[in-house]
Amino acid sequence: MNALLPLWSFWVRTSQQWPVLQTLAPFIPVVLLWQAVATWGPFPPAFFPAPMDVVRSFGSLMYKGILPEYLGDSVARLAAGAAVGMALGIPLGLLIGLSRRAYTALWPVVLFFQAIGDIAWLPILIIWFGFGLTTMAFVIVYTVIFPVIFNTVLGVRSIKIELHRAAQSLGAPPWRILTEVVIPGALPNIVTGLRNGLGYGWRALIAAEMIVGTSGIGFMMFDARRAGSVTEIVLGMILLGILWYIVDAWVLAPIERATGRRWGLTQ
């Protein structure tokens, strides 16, 4: 046991210096098990490729320029859909959260359409818009907007009434109460809603690309199914996880933490 202490101490120092190692370490047993099953398991390579087969497929698709183009298409669609979803969801959430009349009129409608899954729209969207960018954009926006609305309403309604009254007692007009009390107070919830919405939107985008897309990671995976290339399908699944981890852990999570520290209410 004592012989392992220097090794553990070295790992702690190294992981603190290189935090990415803490992220990669849990996947080492998974890759080793994957390699073991591929080598000694009952599945032929055509049905269960080894890790190096996937790496070689990655290198081949990168060299041909197919993978960078598909990755760029998927990320660009997600960014555009998220931007439109935020532009629509945040004002609507503020309106529903602030106005009792708007809540009475709009909340049942929001709940009704939220219950209809994004993929359920695809048949009618294909009839309306065909197989193209408009259909995929609608699916992404539709998926992103509801978590943003719900969390914005939650954030607005969680602001204490004393803060509104304090601003009114100081003579603040409604627009200043909105910009200096309501929006800052609801901002942590809004960012959380955006984080959740992007996660749902990413999965919806891949599903839409599989069904109606002509490019993107989802299309690559579905096209590989037609060709019987399990290696490219596994590669697409790995890329989906890696891409979302980068977006969530390196972009969205730090923004959420910074927003909570800056604008969150301290109990």
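Refer to the preceding data block for the structure.
Residues numbered from 1 in each chain as written. Predicted model: local features only at pLDDT ≥ 70, side-chain atom pairs only at ≥ 80, totals over all residues. Heavy atoms only, no water.

K.L.:
How should the overall build of the protein chain be read in this particular structure?
P.N.:
Within the protein chain, the regular secondary structure consists of 12 helices and zero strands. Along the protein chain, helices (α) and strands (β) appear in the sequence α-α-α-α-α-α-α-α-α-α-α-α when read from the amino end. With 267 residues in all, the protein chain has 36% of them scored as buried. A fraction of 69% describes how many contacts in the protein chain between residues 6 or more apart in sequence connect residues 24 or more apart. Accessible surface, the protein chain as shown: approximately 16000 Å² in total, 70% of it carbon and sulfur. (Helix = DSSP H or I, 4+ residues; strand = E, 2+ residues; numbered from the N terminus. Buried < 20%, exposed > 50% of the residue type's maximum accessible area, 1.4 Å probe, protein only. Contact = heavy atoms within 4.5 Å. Areas by Shrake-Rupley, 256 points an atom, 1.4 Å probe, with all protein chains shown as cover.)

K.L.:
How do you make sense of the side chain of Ser74 when you look at a structure like this?
P.N.:
As for its position among the elements, Ser74 is in helix H5 (residues 66–98). Relative accessible area serves as the criterion here: at 0%, Ser74 is assigned to the buried category. Non-local contacts of Ser74, meaning those with residues more than four positions away in its chain, are made with Trp202, Leu205, Glu209, Gly216 and Ile217.

K.L.:
Help me understand the nonpolar core, please; the structure alone is not making it clear to me.
P.N.:
One broad rule of soluble globular proteins: the nonpolar side chains tend to lie buried together. Counting residues in hydrophobic clusters, the biggest one holds 36 residues, and the most contacted among them are Leu67, Leu198, Trp202 and Ile217. Considering every element that reaches this core, the biggest residue donor is helix H10 (residues 174–212), with 10 residues. Those residues within four positions of Ile217 in sequence are excluded, and the remaining contacts are Leu67, Tyr70, Leu71, Ser74, Ile206, Glu209, Gly236, Leu239 and Leu240. Of all hydrophobic cores here, the second largest spans 16 residues; its members include Leu122, Val153, Ala208 and Val212. (Core = buried A, V, L, I, M, F, W, Y, C linked by side-chain atoms within 4.5 Å.)

K.L.:
I keep staring at the pattern of salt bridges and nothing clicks. Help me out?
P.N.:
Where side chains of opposite charge bring their charged atoms close, a pairing between them can arise. For the structure on display, the rule yields four salt bridges. Its salt-bridge partner being Arg176, residue Glu180 comes within 2.8 Å of it at the nearest N-O pair. A residue pair is termed a helical-turn pair when its members lie 3 or 4 positions apart in one helix, as Glu180 and Arg176 do in helix H10 at four residues. Here Arg176 falls in the partly exposed class, since its relative accessible area comes to 37%. (Salt bridge = Lys/Arg side-chain N within 4 Å of Asp/Glu carboxyl O.)

K.L.:
How do you make sense of the packing of aromatic side chains when you look at a structure like this?
P.N.:
Working definition: an aromatic ring pair is given by the centre-to-centre distance plus the angle between the planes. In total, this model carries 11 aromatic pairs according to the counting rule given. Measuring from centroid to centroid gives 6.0 Å for Tyr70 and Phe219, while their planes differ by 85°, and the two rings are edge-to-face. Taken together, the positions of Tyr70 in helix H5 and Phe219 in helix H11 (residues 217–227) put the pair 149 residues apart, joining distant regions of the chain. On the accessibility criterion, Phe219 (16% relative accessible area) is buried. Here Phe113 and Trp121 contribute two aromatic rings whose centre-to-centre distance is 6.4 Å and whose plane-to-plane angle is 25°, an arrangement assigned as stacked. Taking relative accessible area as the criterion, Trp121 reaches 17% and is therefore assigned buried. An aromatic cluster is built from Phe112, Phe113, Trp121, Phe138, Tyr142 and Phe146, whose rings are joined through pairwise contacts. Sitting over the face of the ring of Tyr103, Arg157 holds its NZ or CZ atom 4.4 Å from the ring centroid. In this arrangement the basic side chain of Arg225 is found over the ring face of Phe222, its NZ or CZ atom lying 4.4 Å from the centre. (Phe/Tyr/Trp six-rings, centres within 6.5 Å; stacked < 30°, edge-to-face > 60°. Lys NZ or Arg CZ within 6 Å of the ring centre and 35° of its normal.)

K.L.:
Looking at this model, I keep getting lost on the environment of Ala186. Mind explaining?
P.N.:
Among the structural elements, Ala186 can be located in helix H10. Spatially, the C-alpha atoms of Ala186 and Ser158 are 7.7 Å apart, while their sequence positions differ by 28 residues. In this structure Ala186 touches Thr152, Gly155, Val156 and Ile159, once residues within four positions along its chain are discounted.

K.L.:
Before we go on, may I ask you to explain the packing of helix H4 (residues 51–64) against H5 in this structure?
P.N.:
When two helices pack together, their arrangement is given by the angle between the helix axes and by the axis-to-axis distance. The N-to-C vectors of H4 and H5 enclose an angle of 85°; their axes lie 4 Å apart at closest approach. The orientation of H4 relative to H5 falls into the category roughly perpendicular. Each of Phe58, Leu61, Met62 and Lys64 in H4 lies in contact with H5, whose residues at this interface are Ile66, Leu67 and Pro68. When its residues are assigned to classes, the contact of H4 with H5 shows six nonpolar, no polar and one charged. (Axes fitted to C-alpha atoms, helices over the stretch in contact; angles between N-to-C directions. Parallel < 35°, antiparallel > 145°, perpendicular 65-115°, else oblique. Nonpolar A, V, L, I, M, F, W, Y, C, P; charged D, E, K, R; others polar.)

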